[in-house]
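# Examining the three-dimensional arrangement
What follows is each chain in one-letter form.
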Amino acid sequence: MAELSIRIDFGPGLRIGPGKIALLEQIAALGSISAGGRAMDMSYRRAWELIEELNGIFGKPVVESRSGGRKGGGATLTPLGLSLISRYRAMERAAAAATEPHLTALREEIEGAAQRS
């Protein structure tokens with residue numbers, strides 16, 4: 001199955017792609033960096049590194065974390081973090097719509113090759 005994947009490169013080592021966006025979505029849904037990382041089978045440290053990469057790209061936080069305490073800690077996305085998800089998903093939808101005829105043609109080529117074998 002041919003699928004389109006979007007990665008945005010802002011410079012060497014400055015990338016946003018499906019993994020970082022999915023992590024932000026998990027943090028938003030689960031309310032913590034550690035839970036978001038676990039949902040994606042990654043360590044808290046790796047999740048935090050990815051968040052720090054995003055913070056570095058934009059020069060401001062994409063996630064706000066709260067220290068533990070009586071009510072426990074947690075994390076929420078900043079307006080920038082929410083906007084990042086929204087814009088990335090909008091770009092994905094636009095790119096998917098624009099490339100669908102070409103992906104369909106490629107899928108048909110693969111199916112045709114399999115039938116000829």
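Our subject is the structure that appears above.
Computed from a predicted structure; not experimentally measured.

Considering all chains together, one arrives at two aromatic pairs under this definition. Geometrically, the ring pair formed by Phe 10 and Phe 58 is edge-to-face, given 6.0 Å between the ring centres and 70° between the ring planes. Of this pair, Phe 10 sits in strand β1 (residues 8–11) while Phe 58 sits in helix α3 (residues 44–58), and the two are 48 residues apart along the sequence. The class of Phe 10 is partly exposed, set by a relative accessible area of 43%. Judged by relative accessible area, Phe 58 falls into the partly exposed class, the value being 31%. Seen in terms of ring centroids, Tyr 44 and Trp 48 are 6.4 Å apart; in terms of plane orientation they differ by 10°. Their pairing is stacked. Of this pair, Tyr 44 and Trp 48 both sit in helix α3, separated by four residues, roughly a single helical turn.

By the secondary structure assignment, Thr 78 is in the loop between β4 (74–77) and α4 (79–116). Along the chain, Thr 78 and Glu 92 lie 14 residues apart, while their C-alpha atoms are 21 Å from each other. If we ignore the near neighbours within four places in the chain, the residues touching Thr 78 are Pro 61, Val 62, Val 63 and Glu 64. From its side chain, Thr 78 meets the backbone oxygen of Pro 61 in a polar contact 2.9 Å long.

Reading the values: the criteria
Residues numbered from 1 in each chain as written. Predicted model: local features only at pLDDT ≥ 70, side-chain atom pairs only at ≥ 80, totals over all residues. Heavy atoms only, no water. Phe/Tyr/Trp six-rings, centres within 6.5 Å; stacked < 30°, edge-to-face > 60°. Helix = DSSP H or I, 4+ residues; strand = E, 2+ residues; numbered from the N terminus. Buried < 20%, exposed > 50% of the residue type's maximum accessible area, 1.4 Å probe, protein only. Contact = heavy atoms within 4.5 Å. Polar contact = N/O pair within 3.5 Å; in protein donor to acceptor, adjacent residues only side chain to side chain.

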